[in-house]
Amino acid sequence: QVQLVESGGGLVQTGGSLRLSCASSGRIFSSYAMGWFRQAPGKEREFVGHISWSGTYYADSVKGRFTISRDNAKNTVYLQMNSLKPADTALYYCTARPRPDGSNFSFNWDYWGQGTQVIVSS
């Protein structure tokens, strides 16, 4: 059984930074693609970025501000978020799939965490 647990969310002012962590347990291998999605109130879940053997990919809305990294020895993935905006306010989800490549579509991901809340105040 694969489990993903996000942490690091909170309240931050516009322009601030946060680093989210996603700790995985179970059969998460270094070859798995790992991703981040977010969902704001009243909106659909949207792609943020993913990391895999083929590299890292980001949504245009976060490119240049967010960075995904992973520590395979710790089975942990990180989302460093800089220059935060109120539009970044959302519940952030970590996700994984047992493939060497990621996807921008949520239905292509197999495992999900419970999410961690990020609120950016103006």
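Criteria and thresholds
Residues numbered from 1 in each chain as written. Predicted model: local features only at pLDDT ≥ 70, side-chain atom pairs only at ≥ 80, totals over all residues. Heavy atoms only, no water. Helix = DSSP H or I, 4+ residues; strand = E, 2+ residues; numbered from the N terminus. Buried < 20%, exposed > 50% of the residue type's maximum accessible area, 1.4 Å probe, protein only. Disulfide = S-S within 2.5 Å. Pairing = 2+ DSSP bridges. Phe/Tyr/Trp six-rings, centres within 6.5 Å; stacked < 30°, edge-to-face > 60°. Lys NZ or Arg CZ within 6 Å of the ring centre and 35° of its normal. Salt bridge = Lys/Arg side-chain N within 4 Å of Asp/Glu carboxyl O.

Peer 1: Can you walk me through unusual backbone geometry in this structure?
Peer 2: Most of the time, phi is negative for any residue but glycine, and the peptide bond is trans. The phi torsion at Asn75 lies on the positive side, around 50 degrees, for a residue other than glycine. Along the chain, Asn75 falls in the loop between strand 7 (66-71) and strand 8 (76-81). The exposure class assigned to Asn75 is partly exposed, which follows from its relative accessible area of 29%. Although it is not a glycine, Ser83 adopts a positive phi angle of roughly 50 degrees. As for its placement among the helices and strands, Ser83 is situated in the loop between strand 8 and strand 9 (90-97).

Peer 1: Honestly, the state of the cysteines in this entry has me stumped. Any pointers?
Peer 2: Here is the idea: a disulfide is a covalent bond, and it sits between the sulfur atoms of two cysteines. Within this structure, the stated rule accounts for 1 disulfide. In this model, Cys22 is linked to Cys94 through a disulfide, with the two sulfur atoms separated by 2.0 Å. Note on the Cys22 and Cys94 pair: the S-S dihedral is about -75 degrees, so by sign convention the disulfide is left-handed. Highlighted residues: Cys22 in strand 3 (residues 18-25) and Cys94 in strand 9, separated in sequence by 72 residues. Look at Cys22 and you get buried, because its relative accessible area is 0%. Here Cys94 falls in the buried class, since its relative accessible area comes to 0%.

Peer 1: I tried to follow the pairing of strand 1 (residues 3-7) on my own but got confused; where do I start?
Peer 2: Successive side chains on a regular strand alternate, one facing one side of the sheet and the next facing the other. Side chains of strand 1 alternate between two faces, with Leu4 and Glu6 buried and Gln3, Val5 and Ser7 left unburied. Where strand 1 meets strand 3, 5 bridges bridge the pair, whose relative direction is antiparallel. Pairing of Gln3 across the sheet is with Ser25, part of strand 3.

Peer 1: Is there a simple way to think about the packing of aromatic side chains in this case?
Peer 2: How two aromatic rings sit relative to each other is given by the distance of their centres and the angle of their planes. Following the criterion strictly, the structure yields 5 aromatic pairs and no others. Consider the rings of Phe37 and Phe47, whose centres lie 5.7 Å apart with planes at 70 degrees: the pair is edge-to-face. Remark: Phe47 occurs in strand 5 (residues 46-52) and Phe37 occurs in strand 4 (residues 33-39); sequence separation between them is 10 residues. Just as Phe37 is buried, Phe47 falls in that class too. Ring pairing ties together the aromatic residues Phe37, Phe47, Tyr93, Trp109 and Trp112, which thus form one cluster. Over the face of the ring belonging to Tyr93 we find Arg45, whose NZ or CZ atom lies 3.8 Å from the ring centre.

Peer 1: For this particular structure, what's the right way to read the pattern of salt bridges?
Peer 2: Tallied over the entire structure, the rule returns 6 salt bridges. Asp101 is the salt-bridge partner of Arg97, the closest N and O atoms lying 3.3 Å from each other. When its relative accessible area of 7% is taken as the criterion, Arg97 is described as buried. Of the charged contacts in the structure, one is a salt bridge between Arg99 and Asp101, with a shortest N-O distance of 3.4 Å. Classification of Arg99 by relative accessible area gives partly exposed; the value is 43%. Among the ionic contacts, a cluster of salt bridges with common partners joins Arg38, Glu46, Arg65 and Asp88.

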